[in-house]
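Observations on the three-dimensional arrangement
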Amino acid sequence: MSTIPLDYETLRLIWWLLLGVLLIGFAIMGGRDLGVGALLPFAARTDEERRVLLNLVGPTWEGNQVWLVLGGGAIFAAFPPLYAVSFSGFYLAMIVILLALILRPVGFKFRGKIKDPRWRETWDWALFIGGAVPALIMGVAVGNVLLGAPFHLDDTMRAFYTGNFFLLLMPFALLAGLVSLGMIVTQGAAVIVGRTVGPLAERARTYGTWAAIATVFLFALGGIWIAFGIDGYAITSVTDPNAPINPLAKTVELTRGGWLANYGLYPWMIAGPVLGFVGMVGAAFGLRVRLGIPTLLASSIGIFGIISTAGLSLFPFLLPSSTMPQASLTLWDASSSHLTLFIMLLVTVVFLPIILAYTAWVFRVMRGTVSTQSLEKNPNAY
């Protein structure tokens, strides 16, 4: 291990940050597509307008899925215990998300095959489900992480999940789901307003403004709820950030408002919720006054701040246990080996810039306004 230039603690922190980057990257990039899908039956009233929205995200949505795949891969490789517990415990929720996401490629391909209004409207609602449901359920999942998942570990470190799908639908978790849905709809509206014109853009502007305002109030309500209505988790034993993984080697206790403790220990973390509020307020203002790129930038900053707030509040916890707090998975006891994290980092240093460069190139090529006139000139349009 002495030949590895970075110590174990540093690598663990780097991968915690990288996991956050990947999840935020999916929320911002994939959120463009999910948000447009969620607005499809409402912002677009005619078949021509709905085709505009389909072609707005159709050329890029598959590339944006890379962030989701990388996020899942990072959890699997960098934090195997987290992958094992979360993907098995939240199995039905994951299936719901995957089934909803499957509707998107099918909807894109099948919608235009038959010129029957009922056929196309059916696929429009399927695309709505493919956008709104993942955004909602992913937020519900984050809410359940803050509440703590019902799992425990035995002496051999085998994990046992004792919850079920319906236990995930707790009031606070549903609130987190609505925050997620609100910020994703805002992101989708910002994309529509920035790249379309006419009544379609105006309706998206209205829906997006209300979604941004709702996100601000729901985010604030979630903060109050966490401060006064939810017990947070705190490690009460001495922690060695360089120690081998062993979740049962610590002691954990629950305290009211415990998820706010990090903001006292690390005052800079307040930047997370501040960016969340400022970004969403800026997005609401930008939509109201019909700004383009600044609105999308503000919405993206809001998403960055909201997701960062969850991660910073939890630190160093990755997945607390509500039934056996000692078994809670943290950054220091649920990671891969020192060598594995280092090799993965080398691979990431090579390939992540390639992904970023390719994404930037694609969006540069696909830039510009999408309208019914532009669709008439493109024989390959949806």
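See the structure shown above.
Residues numbered from 1 in each chain as written. Predicted model: local features only at pLDDT ≥ 70, side-chain atom pairs only at ≥ 80, totals over all residues. Heavy atoms only, no water.

In terms of nonpolar packing, the biggest core is built from 68 residues, with Trp-15, Phe-79, Leu-82, Phe-151, Trp-259, Leu-319 and Leu-329 touching the most fellow members. Top contributing element to this core by residue count: helix α1 (residues 8-43), with 13 residues. Each residue touching Trp-15, except ones within four places of it in the same chain, is listed here: Ala-74, Ala-78, Phe-79, Leu-341, Met-344, Leu-345 and Thr-348. (Core = buried A, V, L, I, M, F, W, Y, C linked by side-chain atoms within 4.5 Å. Buried < 20%, exposed > 50% of the residue type's maximum accessible area, 1.4 Å probe, protein only. Helix = DSSP H or I, 4+ residues; strand = E, 2+ residues; numbered from the N terminus. Contact = heavy atoms within 4.5 Å.)

Moving on, we get to the packing of α1 against helix α7 (residues 171-195). If you want to describe how two helices pack, look at the angle between their axes and the distance between the axes. Where α1 contacts α7, the axes come no closer than 7 Å and their chain directions differ by 85°. One finds that α1 runs roughly perpendicular with respect to α7. Across the interface between the two elements, Ala-27, Ile-28, Gly-31, Arg-32, Leu-34, Gly-35, Val-36, Ala-38 and Leu-39 from α1 touch Ile-184, Val-185, Gln-187, Gly-188, Ala-189, Val-191 and Ile-192 from α7. A per-class count over the contact of α1 with α7 returns eleven nonpolar, four polar and one charged. (Axes fitted to C-alpha atoms, helices over the stretch in contact; angles between N-to-C directions. Parallel < 35°, antiparallel > 145°, perpendicular 65-115°, else oblique. Nonpolar A, V, L, I, M, F, W, Y, C, P; charged D, E, K, R; others polar.)

Below, the discussion takes up unusual backbone geometry. Note: most peptide bonds trans; most residues except glycine with negative phi. The amide bond that connects Phe-315 to the next residue, Pro-316, takes the cis arrangement and shows omega of 5°. Here Pro-316 is to be found in the loop between α11 (293-314) and β5 (317-319). Not every positive phi belongs to a glycine, and Met-157 is a case in point at roughly 70°. By the element assignment, Met-157 lies in the loop between β1 (151-153) and β2 (159-161). Classification of Met-157 as partly exposed rests on a relative accessible area of 35%. At Arg-290, a position not held by glycine, the phi torsion is positive, near 65°. Within the secondary structure, Arg-290 is located in the loop between α10 (271-288) and α11.

Let us look at the pattern of salt bridges. Within the structure shown, the criterion is met by eleven salt bridges. A salt bridge links Glu-202 to Arg-290; its shortest N-O distance comes to 3.1 Å. Of this pair, Glu-202 sits in helix α8 (residues 199-228) while Arg-290 sits in the loop between α10 and α11, and the two are 88 residues apart along the sequence. (Salt bridge = Lys/Arg side-chain N within 4 Å of Asp/Glu carboxyl O.)

You can see Ser-180 is positioned in helix α7. Exposure remark for Ser-180: the relative accessible area of 10% places this residue in the buried category. Discounting chain neighbours no more than four positions away, the residues touching Ser-180 are Ala-135 and Gly-139.

One can find Asp-33 in helix α1. Put simply, Asp-33 is tucked away with no salt bridge, and the nearest opposite charge, on Arg-104, sits 4.4 Å away. When neighbours within four sequence positions are excluded, Asp-33 is seen to be in contact with Val-57, Thr-60, Trp-61, Asn-64 and Arg-104. (Lys, Arg positive; Asp, Glu negative; His and termini not counted.)

Here Gly-276 shows up in helix α10. Along the backbone, Gly-276 and Asp-155 are 121 residues apart, and their C-alpha atoms lie at a distance of 41 Å. Residues within four places of Gly-276 in sequence aside, it is in contact with Phe-219, Gly-302, Gly-305 and Ile-306.

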